[in-house]
Amino acid sequence: MAMTASSGAAQGAGNVAPAGQAERSPFLRTTELLAPYQPAKPLITLSLGEPQHPVPDFVGPVLAKHTAEFGRYPIAKGIEPFRRAVAAWLSSRFQLPRAVDPEREVMVLNGSREGLFFAAITAARYVAPRKGRPAILMPNPFYPAYGAGARAAGCEQIYLPTTLANGFLPDLDSIDEATWARTVAFFIASPANPQGSVASRAYFARLKELADRFGFIILSDECYSEIYTREAPGSALECAGPDFTNVVAFQSLSKRSNLPGMRVGFAAGDRKFLTAFHELRNVAAPQVPVPLQHVAVAAYSDEAHVEENRRLYRIKFDFADQILGNRYGYKRPAGGFCVWLDVSQRGGDEAAAVRLYRDAGVRVIPGSYLAREQNDGSNPGAGYIRLALVSDSQSTAEALHRLVETLD
């Protein structure tokens, strides 16, 4: 049956309920859940997806060389060397219909999070008038910036459940035409956070077809695209056509290059949308210091540190394969560094998170905190826990052993 706004857990901007518990930080909620307890063993934190691998060697020397440029106000779209490095990287990494124009089709971001947030606001202003109340669609569970951006844009938030049954990606065929007709933007994450599912080329092509038909913007969050252990994930830009119309991809150096504290990413794609995006960001968004952009130039020009990064994650996923086996519905994800475990038979996600923290000293995040309740009362994240395999391999293996001992 096609999903309407009412069956898709639409949340109105004027509705008081979504601004309550559901829209609070999942990490703060986890902290509050665990506050009454003390871990029985030395703590290993797997709740926060903050890369812990070494910072690349070139970062320090590049910063030192360009320190004086901290004395300049950065331009909103990014320095030319950065935009050219990004365009070159995109062409070498993905099978694009043509090369990206670094002058008009690339923009630097202060990390992908602020970009995704401001892109929702831009989309609401940019698209043609909708047939009904404007809506922004997103997977459920999802990255909190999507919902925050949709709410700030004054759009109805429609949550599309991503479950085992639909391969942990939004079911495009379940959405009715009336909902598509009032959609201004569609958030898609590939690889998905938290499940690690990857959209196929056919999936992106189908979404592009819908975007062109109904006139909405695809906001493709691809910040995990360089973390994979087998096949390299593709990009929505590969299926965006010769002008990348209605498609914008978002990337970040946080995961790819282990630089979460540097806050550098980019948006690339539809030049008309990026023009409007630039106008908003130029007056409202945080800009990226010039020395950090020079570090990014070095990062996007080097693949050796990225491959080493993937090698370290492969080791940890090999441990997960061995230690978890087929427990808790575990399956090695196609991308990203998270593990999504079904603990519905172990008391549920909150209870499992408490037990792991209290009895095993392992901190994880309840899956229900990463999702929103659908109108039928279900929560697609309920009964799952998310583990981010960001610690060193020894700590990761120890945490996985403790998890099995505690939950089995």
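Residues numbered from 1 in each chain as written. Predicted model: local features only at pLDDT ≥ 70, side-chain atom pairs only at ≥ 80, totals over all residues. Heavy atoms only, no water.

Helix and strand content of the protein chain: 13 helices and 12 strands. Taken over the C-alpha trace, the protein chain has a radius of gyration of 21 Å; the compact-globule value for 408 residues is 22 Å, and the two agree within 12%. Its C-alpha atoms give the protein chain principal-axis dimensions of roughly 55 × 55 × 35 Å. The buried share of the protein chain, reckoned over its 408 residues, is 59%. Taking the contacts inside the protein chain whose residues are at least 6 apart along the sequence as the reference set, 77% of them involve residues at least 24 apart. Summing over all exposed atoms, the protein chain offers an accessible surface of approximately 15900 Å²; the carbon and sulfur share of this is 53%. (Helix = DSSP H or I, 4+ residues; strand = E, 2+ residues; numbered from the N terminus. Rg over C-alpha atoms; globule rule 2.2 N^0.38 Å. Buried < 20%, exposed > 50% of the residue type's maximum accessible area, 1.4 Å probe, protein only. Contact = heavy atoms within 4.5 Å. Areas by Shrake-Rupley, 256 points an atom, 1.4 Å probe, with all protein chains shown as cover.)

Counted under the stated rule, the structure contains 19 aromatic pairs. Summarising the aromatic geometry, the rings of Y126 and F273 are spaced 5.4 Å apart at their centres and angled 85 degrees between planes, so their arrangement reads as edge-to-face. Placement of Y126 in helix α4 (residues 111–126) and of F273 in helix α9 (residues 271–284) is noted, with a sequence separation of 147 residues between them. Its relative accessible area of 0% is what places F273 among the buried residues. Residue placement shows R29 over the ring face of Y369; its charged tip is 4.1 Å from the ring centre. (Phe/Tyr/Trp six-rings, centres within 6.5 Å; stacked < 30°, edge-to-face > 60°. Lys NZ or Arg CZ within 6 Å of the ring centre and 35° of its normal.)

Bringing the sheet that holds strand β9 (residues 338–342) into the picture now. A sheet is described by the order of its strands in space; here 3 strands give the open sequence β9-β12-β11, paired in antiparallel fashion. Unpaired on one side and paired on the other, β9 and β11 (365–366) mark the two borders of the sheet. Relative to strand β12 (residues 384–388), β9 runs antiparallel, the two being bridged by 5 bridges. The partner of C338 across the bridge, within β12, is A388. Lying over the sheet, helix α12 (residues 349–360) contacts β11 and β12, oriented at roughly 45 degrees with respect to β12. (Pairing = 2+ DSSP bridges. Axes fitted to C-alpha atoms, helices over the stretch in contact; angles between N-to-C directions.)

The positions that UniProt labels "domain: Aminotransferase class I/classII large" (unreviewed entry) are, in the present scheme, residues 43–394. Counting secondary structure, residues 43–394 comes out at 37% helix and 16% strand; the distance between its end C-alpha atoms is 13 Å. (UniProt positions renumbered as here; feature names shortened; annotations may be inferred.)

Here helix α13 (residues 393–407) spans 21 Å end to end across 15 residues, near enough to the 21 Å set by a 1.5 Å rise per residue. Listed as buried for α13 are T396, A397, A399, L400, R402, L403, V404, T406 and L407. Structurally, α13 contributes buried residues whose contacts are with β1 (44–45), α11 (304–324), β9, α12, β10 (362–363) and β12. Backbone nitrogen of Q394 and a side-chain oxygen of the N-cap are separated by 3.1 Å at the start of α13; the cap is D392. (Expected span 1.5 Å × (residues − 1). Polar contact = N/O pair within 3.5 Å; in protein donor to acceptor, adjacent residues only side chain to side chain.)

Let us now look at the domain arrangement of the protein chain. Taken as a whole, the protein chain is organised into domain 1 (26–49 + 305–407) and domain 2 (58–301). Between the C-alpha centres of domain 1 and domain 2 there is a distance of 26 Å. Each side of the interface is counted separately: domain 1 has 26 residues, and domain 2 has 29 residues. Interface area for domain 1 against domain 2, summed over the two sides, is near 2400 Å², with a carbon-plus-sulfur share of 57%. If you look at where domain 1 meets domain 2, you find 0 salt bridges. Our count for the domain 1 to domain 2 interface comes out at 14 residue pairs in polar contact (both at pLDDT 80 or more). Secondary-structure elements contributing two or more residues to the side of domain 1 that touches domain 2 are α11, β9 and β12. Its residues placed into classes, the side of domain 1 that touches domain 2 shows 13 nonpolar, 7 polar and 6 charged. (Domains from an automatic or database assignment. Buried area = accessible area lost by both parts, 1.4 Å probe. Salt bridge = Lys/Arg side-chain N within 4 Å of Asp/Glu carboxyl O. Nonpolar A, V, L, I, M, F, W, Y, C, P; charged D, E, K, R; others polar.)

Here the focus is the state of the cysteines. Counting across every chain of the model gives 0 disulfides. The closest cysteine sulfur to the non-disulfide-bonded C223 is located on C338, 9.8 Å from its own sulfur. Judged by its relative accessible area of 8%, C223 is buried. The structure places no disulfide on C239, whose sulfur is separated from the nearest cysteine sulfur, that of C223, by 19 Å. Since its relative accessible area comes to 15%, C239 is described here as buried. (Disulfide = S-S within 2.5 Å.)

Attention shifts here to the environment of G234. Within the secondary structure, G234 sits in the loop between β6 (217–221) and β7 (247–252). C-alpha separation for the pair G234 and L96, spaced 138 residues apart in sequence, amounts to 9.9 Å. If we skip the residues at most four places from it in the chain, G234 touches F94 and F204.

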